[in-house]
Structures are given as C-alpha cells and as structure tokens.
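As a plain string of letters, each chain reads:
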Amino acid sequence: MDERANPATEAFLAHRNLLFTVAYEMLSSAADAEDVLQETWLRWTGVDQETVRDQRAYLVQITTRQALGRLRTLGRRKESYVGTWLPEPLLTAPDVAEDVELADHVSMAMLLVLETLTPTERAVFVLREVFALDYDEIAGAVDKSQAAVRQIAHRAREHVAARRPRGDVSAAQARSALEAFQRATETGDLRGLLDVLAPDVVFLGDGGGIKQAVPRPVVGADKVARLLVAGLPRLAELGTLRPAQVNGYPALVFQQDGEVDTVLAVRIDDGKVTGLYAVRNPDKLSHMDRETALRR
C-alpha cells in the first residue's frame, strides 16, 4: 500500500508547512522546527484516527507541546551562546511577502519581540494571533484552562504591542528603503546612509563564536553608518551583495565563493531603517540555499 494513501500520512503532509511555521515561530530556529516536526510525526502515527475530530487542530496541539519542551531547552542553550543571539533566517517564497500579516509575524524584528515572552505566552500568542485557534484548542495545547489562556493571551498582546514595529510597512516601501540603503552602503555615501537610518537605529551581529561579528549592539545612526561605510564596500570587493526575500521582507545576502556568508535583515518603521540584523553564524544559514514554504 502506498504510504501516501494512509489517511494519517496524508493529513500530516497536507498540514506540514503549517506545522513547520508554528514550530519556527515558537523557536526562531529552522533546524529545531524540523526536529519538532519529526517528533510530531512519530506521535501522530500512534494516534487512533477515529478519535480525532479535527486533524489540523490536533496536529497543531502536538507540535505546540513538542515546541514548548524544546523552547525551554533552547533557553538554557542561549544562556551560554557566544555573543548576540539572533533568529535563524529563512529564504522565503514571494507568497509569504504577499500575506502581510504572516510576513509581519515571521519577520526578524517580530521574532526578536517574541523572544521576550515566556514560553507559554509565546505559544498562546502565536496560536491565537497568527493561526486564529480557538481558546479551547489552545488550552489543550498548553495544558491550561480556557480562562487562564485568555488572560495569557491578553498579557502577551499588550507585551508585543509595546515592542513591535511602530508602523505598518508594505513590501514595496521596505524594498524602496532597502534599495536606498544598499546604494548608500555600496558607494560609501555616509550622508545617504544617515538619510535612511533612524536616529535610534540598532545594529546587531550574530557570529556564534565562529565568525567575526560586532560583540555588542551598535546604537545610533552616526555609529551604525560609519560601521557600514567601513565594512560593506570592502565586503562587496570580496564577494557579491544581493537582495533577497528573508522572513517575508527584503534583505541583503552576502555571498563569497558561492556560499552564503552573511544575511543582513532589516527592520523598517515609517520609511526609516530602525534595526539591522547581521547573521553570520554558518550553523544558522543552512536554510538560505532554498526557499522555505510557510503557511497559516
């Protein structure tokens, strides 16, 4: 019998991209999200399908429980991480950018905001705000009462609202700002950079102790501009700097000898670059060689 004819297998494959998105939004790591999917599959194959009323909700619940366990382990791992920790970037398909709400939630900026939530708050926020699960379904996934889940959701929404990007930015606006940013950095145009950077812009670098990166956040337009003018033109001489869709938004990817060396994601508020995230840790760049499908 063809394995794909198995109803349990068909259901898992039908919802796989959704489950990966749930796990990735909770963990900010594609590698760990893939591991969670493997664990979800193993548990799903042991479920009596006749007892399952809603396969999608049931699979999301399994995935959430597995991701919660891994999220707590990741927290301990991050405590010993060398330098600044950043989410693992994903090369995303054009349809992710077209889904404005999904792109917002998987952006590097939002993932960093989600990092400030507790594991349970993060799970509740993701399941409610991104995937619109009912409170009873979320309660089953996080092992809390519906009343508790409602309180957690309210608290998480307020926390995220206070820290999320300050204004909605369309893909076209983000692309325009990134193009101006790229022109200024490649030509060493300090004035042009200062025009596109917000006064309180923050530059973060993640080398994971493997690649050189700024050891601590660089804050302020003047400092960030001078750092970029000194570094990026030199990088352009060593390889290629190209635009790409990363986590649903335009970003820059630096390649050297055909390999991705650095992913520079940006946060844009009101037409200005407010955040720059340079991921250089090679362990986090394995998903930059192919598009990752994300679904809600």
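This text follows the structure it describes.
Keep in mind that this is a model prediction, so the values were computed, not measured.

Cut-offs and rules
Residues numbered from 1 in each chain as written. Predicted model: local features only at pLDDT ≥ 70, side-chain atom pairs only at ≥ 80, totals over all residues. Heavy atoms only, no water. Salt bridge = Lys/Arg side-chain N within 4 Å of Asp/Glu carboxyl O. Helix = DSSP H or I, 4+ residues; strand = E, 2+ residues; numbered from the N terminus. Buried < 20%, exposed > 50% of the residue type's maximum accessible area, 1.4 Å probe, protein only. Core = buried A, V, L, I, M, F, W, Y, C linked by side-chain atoms within 4.5 Å. Contact = heavy atoms within 4.5 Å. Pairing = 2+ DSSP bridges.

Participant: Any chance you could explain the pattern of salt bridges here in plain terms?
Facilitator: For the structure shown, the criterion picks out 19 salt bridges. Between Asp-261 and Arg-280 there is a salt bridge, with the nearest N and O atoms lying 2.8 Å from each other. Here Arg-280 lies in the segment after β6 (272-279) and Asp-261 lies in strand β5 (residues 259-269), a separation of 19 residues in the sequence. The two residues Asp-261 and Arg-280 agree in class, both being buried. Through salt bridges that share partners, Asp-32, Asp-35, Glu-39, Arg-70 and Arg-77 make up one connected network.

Participant: Teacher, can you tell me more about the nonpolar core here?
Facilitator: A general tendency of soluble globular proteins is for nonpolar side chains to be buried together. Counting 53 residues, the largest nonpolar core has Phe-20, Trp-44 and Leu-114 as the members making the most contacts within it. The leading source of residues in this core is helix α2 (residues 16-27), at 8 residues. Filtering out sequence-adjacent residues up to four positions away, Trp-44 remains in contact with Ala-8, Ala-11, Phe-12, Gln-49, Val-52, Gln-55, Tyr-58, Leu-59 and Ile-62. Val-218, Tyr-249, Leu-252 and Ile-268 belong to the second-largest nonpolar core, a separate cluster that totals 27 residues.

Participant: Just checking my understanding: could you explain the sheet that holds β6 for this structure?
Facilitator: Backbone hydrogen bonds hold the strands of a sheet together, and the pairing may be parallel or antiparallel. Strands sit in the order β2-β1-β6-β5-β4-β3 across an open sheet of 6 strands; the sheet is mixed. Taken across any chain shown, the strands that pair with only one partner, and hence form the sheet edges, are β2 (218-219) and β3 (240-246). Note: β3 against strand β4 (residues 249-256), 7 bridges, orientation antiparallel. Paired with Arg-242 across the strands is Val-253, a residue of β4.

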